[in-house]
Structure formats: structure tokens, C-alpha cells
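Below are the chains, spelled out letter by letter.
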Amino acid sequence: MKKHNFYAGPSILSEYTIKNTADAVMNFANTGLSILEVSHRSKEFQAVIDEASDLIKELLEIPEGYHVLFLGGGASTQFCMVPFNILKKKAAYLETGTWAVNAIKEAKLFGEVDVVASSKEANFSYIPKDFVIPTDADYFHFTTNNTIFGTEVRKDIDSPVPLVADMSSDIFSRPIDVSKYDVIYAGAQKNLAPAGVTIVIVKEDALGKVERAIPTMLDYRTHIKKGSMFNTPPVLPIYSALQTLKYYKSLGGIKEIEKIDVRKAAKLYEAIDSSKLFVGTAAVEDRSIMNVCFVMKPEYTELEKEFVEFATSQGMVGIKGHRSVGGFRASLYNALPEASVDALIATMKEFEAKH
Ligand SMILES: *Cc1c(COP(=O)(O)O)cnc(C)c1O
């Protein structure tokens, strides 16, 4: 049976990405070698990382003065790497979910942290709106998409200080005004590649302004200077990332992808809102187009397990909600075909008809 992959991360990749990666595992760039066994310093792999960097710059329209890095350690390493490199005295953070909480905890190791607003009291079901970013902060950090709670900030927040964003789960789903940011980072395993590589877009001018000593591996300047080759980069995930980037370009770029993403999410929210059994958990105006969280209405909670079983029998994978929200979560990343959204909606309607 055809599987519909709604996992939150690692998550679905395009067929193009998987097929080309599989081919390169057998024979990479006609070298007669597998991508799994070639030197990262070979000219063939250098061409891969260069092209991936160029495509990210092209797709996101990154201005001059920024570097694209391919690092290990996941988005979670960026929680400390950002303040290590650019927090001089004070930073402002928006607390919108588990990942933001983790980022705040790390930043506190390096200086004063002003948490300008939080939606913790409402289990992170909305994005706080009325907050003031202090003008004396070195930067303002926010999580653009709260993967666990299904809320999203789909804009480049107006701020008196440079922005820093964790875009792990919605990068490449909307155009970004990169010039407003000092650092953008994203673990690749949500919308780009298999786990193992983290994309960092960093503004050159933001660096070199802190007085503390920075360990070599955690200093962005190390990786800028060495073109992400100071140590061995995650070769296979970078190869897969390049395939996804080519695929994104073939779709017509980010603006076209956004249209499809918006349409996919709107359909599913419409089905939830018109349902007798299901209800969304995120504030309507803050709903994520990447991770759609919903639960059974209170009078139907006993049907939760039965719905997961029914959906599984229909080929749905990964729709169980995160334990901090419960219920269901359908992740609609770029690579998820619209037909899978249609299949989920049909499954919901069929289940509803039976009850
Ligand atoms: C998944 C995720 C992370 C954690 O990423 P790792 O690569 O596992 O460290 C951080 N932030 C967001 C928004 C995420 O979705």
C-alpha cells in the first residue's frame, strides 16, 4: 500500500532526492565509487557543496555579506553557538515552544537574556503579539515554526535589533528578507535532507565583536574560512540537500512552493474546522502551514486510539501528536504530495461517517 508520510522529522523527502541519493550511493558522479566512500576533499564533492551553497543563496535571495555553512551538531548546537559568537551583553528571545525554551537556556550561559514574551501559560498554543524588543539587545531570537505545537511566524518580525531565527521546520516554505538577520539556522531533517547537516546563514559583519574565547569548532569564522571543510562535513546529507535544492528550483522556486504549501494546509484546516470529531489546537491566526496539530473534541476523546489505528490501516504514517500536545500532528513539509493531504482528509471523513 502507498504510504503517506506525515512524520515531523526526520521526515518525507522528495522522490527526486531519494532516487538521486540512492544512485550516488552506488556510483557518485561517475567516479565508480559510492558517495559513502569518497573524500570530502575530492573535486567531485567540492562541486556538490559549492552548488548547494549557490542554490541556497539563489533560492533565498541571500544578499552579499552572508555565508552559507553546512555544519554538524543539529539545530541544537546552534542554541549555544549563536550566543557564543554574537551575544555581547544582552539578547532578547521570544518563548514560543520547546525549541525556544532550549535556545533560551543555552543563551543564559553567555549573558543576560530578556524573554520578551511567552505563551507557555497556554501550552504554547499561540504566538505572543504584544512585546517590546529592547533596543539595547544584541539580537532578537525567535523560532519561526514551532514544530511541536503547530504555530508559526510567517514573517520577518519588525525589530530595532538584528534578528536571529531557528527556521529548522519551515525554511524554504516562504521567501525571507535575509538582510534583517544576523543568523538563520535550520537542522536539515525537516524540509531539506536526511538528519546530520545543519544549514547556517550568517552575516559576516555580525562576527568578531565578542571578547570571550570561542572554541575553534564553535566559532563561525572557522567554518567560513574553511568553506565548511575545517573538519569532515556530513557528506551524504549535503549530497541529498543538493538534490532537494535542485528539485525546489525545478518547481519554480520558493514563491511557487509557498503557494502549494499554503493550499495544502488550508485544505486540511478546512477539514478539521468543518468536522464533528476533530478540533485544531493552535490559535487560528498563528496556525502553522508545516505542522498541523489537532485533537478529538472533548466528547470524542475515547476515539483517539481508534482513529490512529484506522489512519494507519489507510497507509498514514506518523500522525500521532507529540506527547506535549497529544492527539494528532500531520506534518505537511514541502516534499509531501498534495495527494497525501487529500488521502488524510478522506480518511478523516470516512472515520467520521462511521461515528
Ligand atoms: C527539530 C527542531 C530542532 C532540533 O533540531 P536538531 O537538529 O535535532 O538539534 C530545533 N528547532 C526546531 C524548530 C526543530 O523543529
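Quick caveat, the model's predicted, so the values are computed rather than measured.

A word on the packing of aromatic side chains. Going through the model one piece at a time under the given rule, you end up with 18 aromatic pairs. Relative to Phe 294, the ring of Phe 278 lies with its centre 5.6 Å away and its plane at 80°, an arrangement referred to as edge-to-face. In this pair, Phe 278 sits in strand β11 (residues 278-280) while Phe 294 sits in strand β12 (residues 291-296), placing the two residues 16 residues apart along the sequence. Pairwise contacts between aromatic rings join Phe 278, Phe 294, Phe 307, Phe 310, Phe 328 and Phe 351 into one cluster.

This next bit is on the packing of helix α2 (residues 43-59) against helix α6 (residues 235-250). At a minimum axis separation of 9 Å, α2 and α6 run at an interaxial angle of 40°. In terms of orientation, α2 and α6 fall into the oblique class. α2 and α6 meet at a crossing whose hand is left-handed. Residues Phe 45, Val 48, Ile 49, Glu 51, Ala 52, Leu 55, Ile 56, Glu 58 and Leu 59 of α2 form the contact with α6, whose participating residues are Val 235, Ile 238, Tyr 239, Leu 242, Leu 245, Lys 246, Tyr 248 and Lys 249. Partitioning the contact of α2 with α6 into residue classes produces 13 nonpolar, no polar and four charged.

Once that is clear, we can look at the packing of helix α8 (residues 304-313) against helix α9 (residues 338-354). Between α8 and α9, the shortest axis-to-axis distance is 10 Å and the interhelical angle comes to 130°. When the interaxial angle is binned, α8 and α9 end up oblique. Of the two possible hands of crossing, α8 and α9 adopt the one that is right-handed. Residues Glu 306, Phe 307, Phe 310 and Ala 311 of α8 form the contact with α9, whose participating residues are Thr 347, Met 348, Glu 350, Phe 351 and Lys 354. Within the contact of α8 with α9, the residues separate by chemical class into five nonpolar, one polar and three charged.

Within a regular beta strand, the side chains point alternately toward one face of the sheet and then the other, so they alternate between its two faces. The alternating pattern of strand β5 (residues 140-143) places Phe 140 and Phe 142 and His 141 and Thr 143 on opposite faces, both of which are buried. One ladder, built from two bridges, connects strand β3 (residues 90-95) with β5; its direction is parallel. Looking across to β5, one finds that Ala 92 is bridged to Phe 140. Sheet topology places β5 next to strand β8 (residues 163-166); four bridges connect them, and they run parallel. The residue of β8 that forms the bridge with Phe 140 is Leu 163.

Now for the site of the ligand. Residues in contact with the ligand amount to 13 residues; listed here are only the nearest, Ser 76, Thr 147, Asp 166, Gln 189 and Lys 190. Within the backbone of Ala 75, one N or O atom sits 3.0 Å away from an oxygen atom of the ligand. Between a nitrogen atom of the ligand and a side-chain N or O atom of Asp 166, the distance comes to 2.6 Å. In isolation the ligand exposes 390 Å². Once the protein is present, 87% of that is buried.

Spatially, β2-β10-β9-β8-β5-β3-β4 is the arrangement adopted by the seven strands of the open sheet, whose pairing is mixed. Lying at the two open borders of the sheet, with one neighbouring strand each, are β2 (66-71) and β4 (112-118). Across the sheet, the mean angle separating the axes of adjacent strands is 15° when strand polarity is ignored. With respect to the sheet, helix α3 (residues 74-86) is in contact with β2, β3, β8, β9 (181-187) and β10 (198-203), its orientation differing from that of β9 by roughly 160°.

With that out of the way, let us pick up the nonpolar core. In terms of nonpolar packing, the biggest core is built from 55 residues, with Ile 56, Leu 60, Phe 70, Phe 140, Phe 142, Phe 172 and Ile 201 touching the most fellow members. If near-sequence neighbours (up to four positions away) are discounted, Phe 142 is found in contact with Leu 94, Val 153, Lys 155, Ile 157, Leu 163, Val 164, Ala 165, Asp 166 and Tyr 181. One finds Ala 8, Phe 278, Leu 303 and Ile 319 within the second-largest nonpolar core, a separate group that totals 34 residues.

The next subject is the domain arrangement of the protein chain. Entries for the protein chain in the domain assignment read domain 1 (4-12 + 253-354) and domain 2 (15-250). Put simply, the middle of domain 1 and the middle of domain 2, counted by C-alpha atoms, are 26 Å apart. Taken together, the 28 residues of domain 1 in the interface contact 28 residues of domain 2. Both sides together, the interface formed by domain 1 and domain 2 hides about 2200 Å², and carbon and sulfur atoms give 54% of it. Between the two partners, domain 1 and domain 2, sit two salt bridges.

Parameters at a glance
Residues numbered from 1 in each chain as written. Predicted model: local features only at pLDDT ≥ 70, side-chain atom pairs only at ≥ 80, totals over all residues. Heavy atoms only, no water. Phe/Tyr/Trp six-rings, centres within 6.5 Å; stacked < 30°, edge-to-face > 60°. Helix = DSSP H or I, 4+ residues; strand = E, 2+ residues; numbered from the N terminus. Axes fitted to C-alpha atoms, helices over the stretch in contact; angles between N-to-C directions. Parallel < 35°, antiparallel > 145°, perpendicular 65-115°, else oblique. Left-handed = near helix turned anticlockwise from the far one by under 90°. Contact = heavy atoms within 4.5 Å. Nonpolar A, V, L, I, M, F, W, Y, C, P; charged D, E, K, R; others polar. Buried < 20%, exposed > 50% of the residue type's maximum accessible area, 1.4 Å probe, protein only. Pairing = 2+ DSSP bridges. Near = heavy atom within 4 Å. Polar contact = N/O pair within 3.5 Å; in protein donor to acceptor, adjacent residues only side chain to side chain. Areas by Shrake-Rupley, 256 points an atom, 1.4 Å probe, with all protein chains shown as cover. Core = buried A, V, L, I, M, F, W, Y, C linked by side-chain atoms within 4.5 Å. Domains from an automatic or database assignment. Buried area = accessible area lost by both parts, 1.4 Å probe. Salt bridge = Lys/Arg side-chain N within 4 Å of Asp/Glu carboxyl O.

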